[in-house]
Amino acid sequence: MKNLLALTAFALMSVSISSVAKNIYADVQVTDVKPTSDFIWKRANQNTPKYPIELARSGIKGCAVLSFNISKSGKTENVEIINSVPKKYVGKYSRKMLRKWKWVPASTVAESAPEKRTLRLDFCMGGESTEQSQIACKQQSQLACG
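As the structure is a computational prediction, the values presented were derived from the model and not from experiment.

Approximately 190 Å³ is the volume attributed to the largest pocket. Contributing to the lining of the largest pocket are Arg43, Ala44, Asn45, Asn47, Thr48, Pro49, Lys50, Met97, Lys100, Trp101 and Lys102. The residue inventory of the lining of the largest pocket, partitioned by class, reads four nonpolar, three polar and four charged. Of the volumes computed, that of the second largest pocket is approximately 150 Å³. Looking at the second largest pocket, the residues that line it are Lys50, Pro52, Glu54, Tyr93, Lys96, Met97 and Lys100. Residue contributions to the lining of the second largest pocket peak at three residues, all from helix α3 (residues 87-99). Class assignment for the residues of the lining of the second largest pocket results in three nonpolar, no polar and four charged.

Listed below in structure tokens is the structure:
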């Protein structure tokens, strides 16, 4: 009998928790600060970067502008945070994310050489679908970062 009551209580709690939980939609927008067609390097993985789980859990959204070098071998080096909103969190996770990126030559003709780049990363959450979150992030990327 005790087991049946405990099982029933657990089932009711599970239903209550699952009915309260809702989907959170998030997007990360990557924008070249000074776009040009003659970049030497492009990101090896062109997929949308994953929203850092720590930021999502805390409901933190914002933007960061970062300057960095791409080495002759396609490695991200010397990542500097130019600006970040909010300062402490978004810049830290942006730098961490960017350091992991690998780069490949943008064309087969170009010779591999170091390149200095500046990127803006926008972290956006909200809306009722992935598409709404992406639209909000594109709009945010048009605003000043800081």
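Before going further, it helps to spend a moment on the pattern of salt bridges. Opposite charge on two side chains permits pairing when their charged atoms draw close. All told, the structure shown has three salt bridges when counted by the stated rule. With a shortest N-O distance of 3.1 Å, Asp32 and Arg117 are connected by a salt bridge. Note that Asp32 is positioned in strand β1 (residues 26-32) and Arg117 in strand β6 (residues 115-125), a separation of 85 residues in sequence. On the accessibility criterion, Asp32 (24% relative accessible area) is partly exposed.

A few words on the state of the cysteines. The final tally for this structure, using the stated rule, is two disulfides. Between Cys63 and Cys145 runs a disulfide, and the two sulfur atoms are separated by 2.1 Å. Disulfide Cys63-Cys145: torsion about the S-S bond near 110°, hence right-handed. Taken as a pair, Cys63 in strand β3 (residues 62-70) and Cys145 in the segment after α4 (130-140) lie far apart in primary sequence, 82 residues in all. Just as Cys63 is buried, Cys145 falls in that class too. Disulfide pairing places Cys124 opposite Cys137 at an S-S distance of 2.2 Å. Its torsion about the S-S bond being 80°, the disulfide of Cys124 and Cys137 is classed as right-handed. Remark: Cys137 occurs in helix α4 and Cys124 occurs in strand β6; sequence separation between them is 13 residues. Take Cys124: its relative accessible area is 3%, and that puts it in the buried class. Judged by its relative accessible area of 0%, Cys137 falls in the buried class.

What counts, and at which threshold
Per chain, residues are indexed from 1 in the order of the written sequence. Note on the predicted model: pLDDT of at least 70 is required for a residue's local features to be given, and 80 or more for side-chain atom pairs to be given and counted; whole-chain, interface and lining totals, by contrast, use all residues. Hydrogen atoms and water are omitted, and side-chain values are computed over all heavy atoms in the structure. Using a grid of 1 Å spacing that covers the protein atoms alone, one calls a set of points a cavity when a 1.4 Å probe fits there but cannot get out, and a pocket when the set is open and has protein on both sides within 12 Å along at least five of seven lines; lining residues are those with an atom within 4 Å of a point. Grid points are joined across faces, edges and corners, and a volume is the space filled by probe spheres set on the points. For this scheme, ten residues count as nonpolar: Ala, Val, Leu, Ile, Met, Phe, Trp, Tyr, Cys and Pro. Four count as charged, namely Asp, Glu, Lys and Arg, and the remainder, Gly too, count as polar. Secondary structure elements are defined from DSSP: runs of H or I of at least 4 residues count as helices, runs of E of at least 2 residues count as strands, and each element is numbered from the N terminus. Note on definitions: salt bridges are taken to be side-chain nitrogens of Lys or Arg within 4 Å of carboxyl oxygens of Asp or Glu. For every residue, the accessible area (1.4 Å probe, protein chains only) is compared with the maximum for its type, and the residue is labelled buried under 20%, exposed over 50%, or partly exposed between those bounds. Cysteine sulfurs are considered disulfide-paired once they come within 2.5 Å of each other.

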